[in-house]
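# A structural walkthrough
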Amino acid sequence: MLLMVAAGVLLIGCAGSPPVEQQDPAARRMSIGWIRHDWRICEEEGSCPHPTPKTVALPAPMPTAPKPQEPAKPQPAAAAERNPAVVHFEFARATPTEAGGSELEGALAQVRQDEAIRIVGHTDDIGTAAFNARLALRRAEFVATWLKRRGVTNPMEIEAHGKCCYVAANDSDQGRAANRRAEIHFTTTRKEIVR
């Protein structure tokens, strides 16, 4: 009778227990074993030497959240590239416009002693290529002479781009006026430039 009561208690206990979940066979497992009178952790199940009744298989550890990455330290900014100063000219002349006079003063304020200067003259598309090449050169020379008369001793290089390298379309008065210019480029590393 006692045997039947024990069997019934066991059956009731088994019926009330949750079903055993299937483990993923590919999941990594760890074992803890009693080895040489000490508890040891073995990386893989069954890797503990001489498993004993005290060896316990544990499920693989839960993946830990990745450490939050530290924000990247800002790198020192490289020296910003300077835009060229631009001086605008009157139609078919090497004379600066009224605004061009102010642009020359602004360019003079930008000159640094350790720089070389490259001045590039430009024109619009009205006129022959030969005329525009000469006009572009005269505009660049005017700017170089103006800077030298104000005490600029930096090495200077002059270029002329006649019917070329437009910044605006030549289909309107505003576009052509934008193209009639001389650009003053500042080079931070001096190079040998013939004056």
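Structure report, in brief.

Quick notes on the rules
- Residues numbered from 1 in each chain as written.
- Predicted model: local features only at pLDDT ≥ 70, side-chain atom pairs only at ≥ 80, totals over all residues.
- Heavy atoms only, no water.
- Core = buried A, V, L, I, M, F, W, Y, C linked by side-chain atoms within 4.5 Å.
- Buried < 20%, exposed > 50% of the residue type's maximum accessible area, 1.4 Å probe, protein only.
- Helix = DSSP H or I, 4+ residues; strand = E, 2+ residues; numbered from the N terminus.
- Pairing = 2+ DSSP bridges.
- Right-handed = clockwise from strand over helix to strand, strands pointing away.
- Salt bridge = Lys/Arg side-chain N within 4 Å of Asp/Glu carboxyl O.

This brings us to the nonpolar core. Core analysis: the largest hydrophobic core is formed by 17 residues, its most contacted members being I117, I119, V143, L147, M156 and I184. Of all the elements in the fold, those that place two or more residues in this core are β4 (85–88), α2 (98–110), β5 (116–122), α3 (129–149) and β7 (181–187).

As defined by bridge partners, β5 adjoins strand β6 (residues 156–161) across six bridges and the pair is classed as parallel. Paired with I117 across the two strands is M156, which belongs to β6. Handedness of the crossover is the feature at issue here: the chain leaves β5, passes through α3, returns alongside β6, and the resulting connection is right-handed.

Now for the pattern of salt bridges. As enumerated under the stated definition, the model contains six salt bridges in all. Note that R118 is salt-bridged to E159, the shortest N-O span being 3.4 Å. Linking R118 in strand β5 with E159 in strand β6, this pair joins segments that are 41 residues apart in sequence. Residue R118 is classed as partly exposed on the basis of its relative accessible area, which comes to 25%. The exposure class of E159 is partly exposed, given its relative accessible area of 24%. The residue R176 makes a salt bridge to D173 at a minimum N-O spacing of 2.9 Å. A residue pair is termed a helical-turn pair when its members lie 3 or 4 positions apart in one helix, as R176 and D173 do in helix α4 (residues 173–179) at three residues.

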